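Close look at the chain arrangement
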Amino acid sequence: MLKINDLMVSYGGIKAVKGITFEVPEGEIVTLIGANGAGKSTTLRTIAGIVKSAGGSITFNNDELTTLTPDRIVAKGITLVPEGRRVFPDLTVLENLKVGAYLRKDNLDKDIRWVYELFPRLKERSWQPAGTLSGGEQQMVAVGRALMSRPKLMMMDEPSLGLAPKIVKDIFDIIKEINRKGVTILLIEQNANMALQTANTAYVLETGRITMKGPGLELLNDEGIRKAYLG
């Protein structure tokens, strides 16, 4: 579905991503793990069109994305749940969800109902300003907002960051449920243990290069990975 080939990204004179190649097959959960500064978030932001690549290609269902604007990439079926949630604090929960559907012209009721089924707490707080919600609830809004564009591929940047362990488990249960409903997922997550338990395939990114690839559970049991990322 998504193919990254020899992708390079630079900030000024600094090479943040140094020619990485990987794939995200349709229907799978794929994770990128690595230390802070490895280039994980830069990779997602480049796929989303927020950052421009310095070389290489990004294809989605055989369409080249590197020349497209972010809204065109969303229209192709890719959405990003950004690090730090980035909800619109003064808009209500419902208004935040509707922002995620800004490219759509059809009826939103069915999708709003699905988001409320996934996150019953959001239905209870539908008319509450998103900025007054807890961190976990704001993450639910961010995920729900991304789903409102009816993505084929949802990219998630650190969805568990700053959340209590119980909420982290809930978020990962929801990620698996979204995937079961047919949404392919590309996940970046500092909680490598949860990411590797959840992912079909995992890639290890170190200083802008992919150094390892394998099934999530296989990497979870790799001694080098356990020492480096799982304590």
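Look a little higher up for the structure.
This structure is a prediction, so every number in the text was calculated from the model and none was measured.

Procedures and definitions
Residues numbered from 1 in each chain as written. Predicted model: local features only at pLDDT ≥ 70, side-chain atom pairs only at ≥ 80, totals over all residues. Heavy atoms only, no water. Helix = DSSP H or I, 4+ residues; strand = E, 2+ residues; numbered from the N terminus. Expected span 1.5 Å × (residues − 1). Buried < 20%, exposed > 50% of the residue type's maximum accessible area, 1.4 Å probe, protein only. Arc of directions from axis to C-beta. Pairing = 2+ DSSP bridges. Contact = heavy atoms within 4.5 Å. Axes fitted to C-alpha atoms, helices over the stretch in contact; angles between N-to-C directions. Phe/Tyr/Trp six-rings, centres within 6.5 Å; stacked < 30°, edge-to-face > 60°. Salt bridge = Lys/Arg side-chain N within 4 Å of Asp/Glu carboxyl O.

Under the 1.5 Å per step criterion, the end-to-end length of helix 7 (residues 165-180) is 23 Å for 16 residues, consistent within 8% with the ideal 22 Å. All of the buried residues along helix 7 are I167, V168, I171, F172, I174, I175, I178 and N179. Burial along helix 7 is one-sided: seen end-on, the buried residues are contained in an arc of 155 degrees. Facing away from the buried side of helix 7 by over 90 degrees, the exposed positions are P165, K166 and R180. Phi turns positive one or two residues past the end of helix 7, at G182, with a value near 105 degrees.

Glancing now at the environment of D173. Mapping D173 onto the fold places it in helix 7. Taking the C-alpha atoms as reference points, D173 and T198, 25 residues apart in sequence, are found 9.0 Å from one another.

Our next topic: the sheet that holds strand 5 (residues 63-64). One open sheet holds the four strands; their spatial order is 2-1-4-5, and the pairing between them is antiparallel. Two strands lie at the open edges of the sheet, namely strand 2 (14-24) and strand 5, each paired on one side alone. Pairing geometry for strand 4 (residues 55-60) and strand 5, over two bridges, is antiparallel. Following the sheet pairing, F60 is matched in strand 5 by D63. Running over the sheet, helix 1 (residues 40-47) touches strand 1 (2-11), strand 2 and strand 4 and is turned about 110 degrees from strand 1.

Now for the packing of aromatic side chains. In the structure shown here, the tally under the stated rule is one aromatic pair. Relative to Y203, the ring of F22 has its centre 5.4 Å away and its plane inclined at 55 degrees; by these criteria the two rings are tilted. Linking F22 in strand 2 with Y203 in strand 9 (residues 201-206), this pair joins segments that are 181 residues apart in sequence. Each of the two residues, F22 as well as Y203, counts as buried.

On to the pattern of salt bridges, then. Summed over the entire model, instances satisfying the criterion amount to eleven salt bridges. The closest approach of N and O atoms between D111 and R150, which form a salt bridge, is 3.0 Å. Here the residue D111 occupies a position in helix 4 (residues 109-118), and R150 occupies one in the loop between helix 6 (135-147) and strand 7 (153-157), the gap between them amounting to 39 residues. Its salt-bridge partner being E124, residue R125 comes within 3.2 Å of it at the nearest N-O pair. Note on R125: relative accessible area 23%, which makes it partly exposed.

Its location among the elements puts N61 in the loop between strand 4 and strand 5. On the basis of relative accessibility, which here comes to 39%, the residue N61 falls in the partly exposed class. Taking the C-alpha atoms as reference points, N61 and V87, separated by 26 residues in sequence, lie 29 Å from one another. If near-sequence neighbours (up to four positions away) are discounted, N61 is found in contact with M1 and K152.

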